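Secondary and tertiary structure notes
Residues per chain are reported as follows:
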Amino acid sequence: MDLKELTGLVGPRWIEIEATALAHNLRAVKGLLLPTTRLMAVVKADAYGAGAVEAARIFVNAGADYLGVTTLAEGVELRRAGITAPVLVMSPLLPEELPGALKADLTVTVCSRSGAEAVAAAATASGYRARVHLKIETGLHRTGLHPEEAAILAGEMRDWTGVEIEGIYSHLAEASRPEAARRQFELLQKVIAALAERGIHPPLKHICNSTGILQHPEMHLDMVRAGTLLYGQFPYRAPRRNLDLREPWRFKTRILFIHEVAAGTPVGYGGDYVTKKDTRLAVIPVGYADGFALTPVGRPKNLSDLARYLVKTILAYLGRGGGEGTTVTVAGREAPVVGRVGMQLSMVDVGHLGEVKVGDEVEAVLRRPTASARLPRVYCREGRPYLVRLPGGELLPVGSPAAGKTEWAAGI
Ligand SMILES: *Cc1c(COP(=O)(O)O)cnc(C)c1O
């Protein structure tokens, strides 16, 4: 499928997801684990932007044992697509969501006594069996059962019909701080021991996210929950070890329009940016509504963070424009985004690039979880598209007619 055919199908902008890279990353992470440790592939937030259904299929085919999501809707989306692997919903659900979750055969998280009672009530009322993981509060202070409360509750739950405690877990607040992570791990271990004293042995005990997987092999327990690493990125400040990750993600678009402008021309909303010399501007169909050129702003952690933030703000004030610092790649060469980035259109200064024309392919950086779900995803194998997810969720096999199913069966 060439560029024109692809554009005819999905429009002039899309995110390419390389399936072999996702599968490779899953196997690479699995290679860090003992053979007895299971691997949960976290596919929340639309698989960090990669597209939940397709990413989940790729991970399961490559050997993932479990899938992790945050919301009921995310779990149901996987089931509707025919994915039968176990799925854990990693946040508490409201009582009225529980019948739907049990019907979809999702494993639910219990974070409180009232939550546990609601699960039991839903199981009784619906006739579906509830598989639960107890989430223990060990230091993140987000959701979870108080450690003292957990063993007592688990002891009572043992006698409840229709409810099975399959797992017990916690979530690290900052896995890269070893002492803090160790305190959390030890607290979870204490709760596990208290359950064991009552004869309760949940088969799946887990605490590690990506950083934990890299930094704390001794905390892998029965299962680890990997997100970031599977998508080809190393978590902030994590040790890199000998892990070879591949980049599955590329955002591509095409030039829609080119015009010549003279020196001193204000460009875009507010005229924030003024051209310094005669140049050519290309327009690309991507903007902040798609997540383009958005930078998360955190609270500065120290003085040098603060200084960096102030310098950036002052530069912006001095008229460097909203696209300040953002560049794209046109035919392998870098070009700056100029003027304020619009909702769905942005301008690129291509004056220095020589021959550039309407329709040329442009590659840009689009952060994963903030990349709009309205952008089509084009799934490739070794760079060749085999499946497209249109905005709205429809999946279309492309290339050879049978590409979709038969190649899945063979695995990637
Ligand atoms: C998102 C999430 C993960 C995965 O975290 P990564 O750091 O991306 O690997 C694991 N567990 C829970 C509970 C999560 O919410």
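Model, not experiment: these values are computed from the prediction. (Residues numbered from 1 in each chain as written. Predicted model: local features only at pLDDT ≥ 70, side-chain atom pairs only at ≥ 80, totals over all residues. Heavy atoms only, no water.)

**Some remarks on the domain arrangement of the chain**
By domain assignment, the chain separates into domain 1 (18-231) and domain 2 (249-404). Centre-to-centre separation of domain 1 and domain 2, based on C-alpha positions: 36 Å. Across the boundary between the two partners, domain 1 contributes 14 residues, which contact 14 residues of domain 2. Summed over both partners, the interface of domain 1 with domain 2 buries about 1,100 Å², with 47% contributed by carbon and sulfur atoms. Linking domain 1 with domain 2 are 1 salt bridge, by the criterion used here. Measuring nitrogen to oxygen at the nearest pair gives 2.8 Å for the salt bridge that ties Arg389 to Asp46. Between the two partners, domain 1 and domain 2, sit 7 residue pairs in polar contact (both at pLDDT 80 or more). (Domains from an automatic or database assignment. Contact = heavy atoms within 4.5 Å. Buried area = accessible area lost by both parts, 1.4 Å probe. Salt bridge = Lys/Arg side-chain N within 4 Å of Asp/Glu carboxyl O. Polar contact = N/O pair within 3.5 Å; in protein donor to acceptor, adjacent residues only side chain to side chain.)

**Quick notes on the site of the ligand**
As a structural note, the neighbourhood of the ligand is formed by Val42, Lys44, Tyr48, Met90, His171, Asn209, Ser210, Arg225, Ala226, Gly227 and Thr228. Residue Tyr48 places a side-chain N or O atom 2.6 Å away from an oxygen atom belonging to the ligand. Between the ligand and Thr228, the relevant distance is 2.6 Å, taken from an oxygen atom to a side-chain nitrogen or oxygen of the residue. Within the complex, the protein chains bury 90% of what would otherwise be the 390 Å² of accessible surface of the ligand. At the level of secondary structure, the elements contributing two or more residues to the shell around the ligand comprise α3 (44-48) and β9 (223-226). (Near = heavy atom within 4 Å. Areas by Shrake-Rupley, 256 points an atom, 1.4 Å probe, with all protein chains shown as cover. Helix = DSSP H or I, 4+ residues; strand = E, 2+ residues; numbered from the N terminus.)

**What to know about the side chain of Arg225**
Relative to the helices and strands, Arg225 resides in strand β9. No salt bridge forms around the buried Arg225; measuring N to O, its nearest opposite-charge neighbour Asp222 is 11 Å away. At 3.0 Å, the side chain of Arg225 and the side chain of His206 are in polar contact. When residues no more than four places from it in sequence are discounted, the contact partners of Arg225 are Met40, Val42, Met90, Tyr169, Ser170, His171, His206, Ile207, Cys208, Asn209, Ser210 and Ile213. (Buried < 20%, exposed > 50% of the residue type's maximum accessible area, 1.4 Å probe, protein only. Lys, Arg positive; Asp, Glu negative; His and termini not counted.)

**Here's the deal with a nonpolar patch on the surface**
A contiguous nonpolar patch, built from Val297, Leu303, Leu306, Tyr309, Leu310, Ile314, Tyr317 and Leu318 and spanning about 920 Å² of accessible area, is present on the exposed surface. Of note, Leu310 is situated in helix α11 (residues 303-320). (Patch = residues over 30% accessible without salt bridge, like charges linked within 9 Å, V, L, I, M, F, W, Y side chains within 5 Å.)

**Some details on the nonpolar core**
Soluble globular proteins tend to pack their nonpolar side chains together in the buried interior. The biggest cluster of nonpolar side chains holds 115 residues, and the ones touching the most others in it are Phe59, Leu134 and Val328. The element contributing the most residues to this core is helix α4 (residues 52-62), with 7 residues. Residues lining this core come from more than one domain, with at least three contributed by each of domain 1 (18-231) and domain 2 (249-404). In contact with Phe59, not counting residues within four places along its chain, are Leu22, Leu26, Ala41, Val43, Ala64, Leu230 and Tyr231. Listed in part, the 8 residues of the second largest apolar core include Leu6, Val388, Leu390 and Val398. (Core = buried A, V, L, I, M, F, W, Y, C linked by side-chain atoms within 4.5 Å.)

**Focus: α4**
Each turn of an α-helix holds 3.6 residues, which means side chains three or four residues apart point in the same direction. For α4, the tally of buried residues reaches 8 of 11 residues, placing the bulk of the element in the interior. Three or more residues of α4 are buried, namely Ala52, Val53, Glu54, Ala55, Ala56, Ile58, Phe59 and Ala62. Two residues or fewer after α4 comes Gly63, characterised by a positive phi angle close to 120°.

**Here we look at the packing of aromatic side chains**
Using the criterion set out here, one finds 2 aromatic pairs in the structure. Between Tyr48 and Tyr231, the ring centres sit 4.6 Å apart and the planes meet at 20°, which makes this aromatic pair stacked. With Tyr48 in helix α3 and Tyr231 in the loop between β9 and β10 (249-254), this residue pair connects regions lying 183 residues apart in the sequence. There is no split in this pair, since Tyr48 and Tyr231 are both buried. Centroid distance Phe59 to Tyr231: 5.7 Å. Interplanar angle 75°. Geometry classified as edge-to-face. One end of the pair, Phe59, is in helix α4; the other, Tyr231, is in the loop between β9 and β10, with 172 residues separating them in the sequence. (Phe/Tyr/Trp six-rings, centres within 6.5 Å; stacked < 30°, edge-to-face > 60°.)

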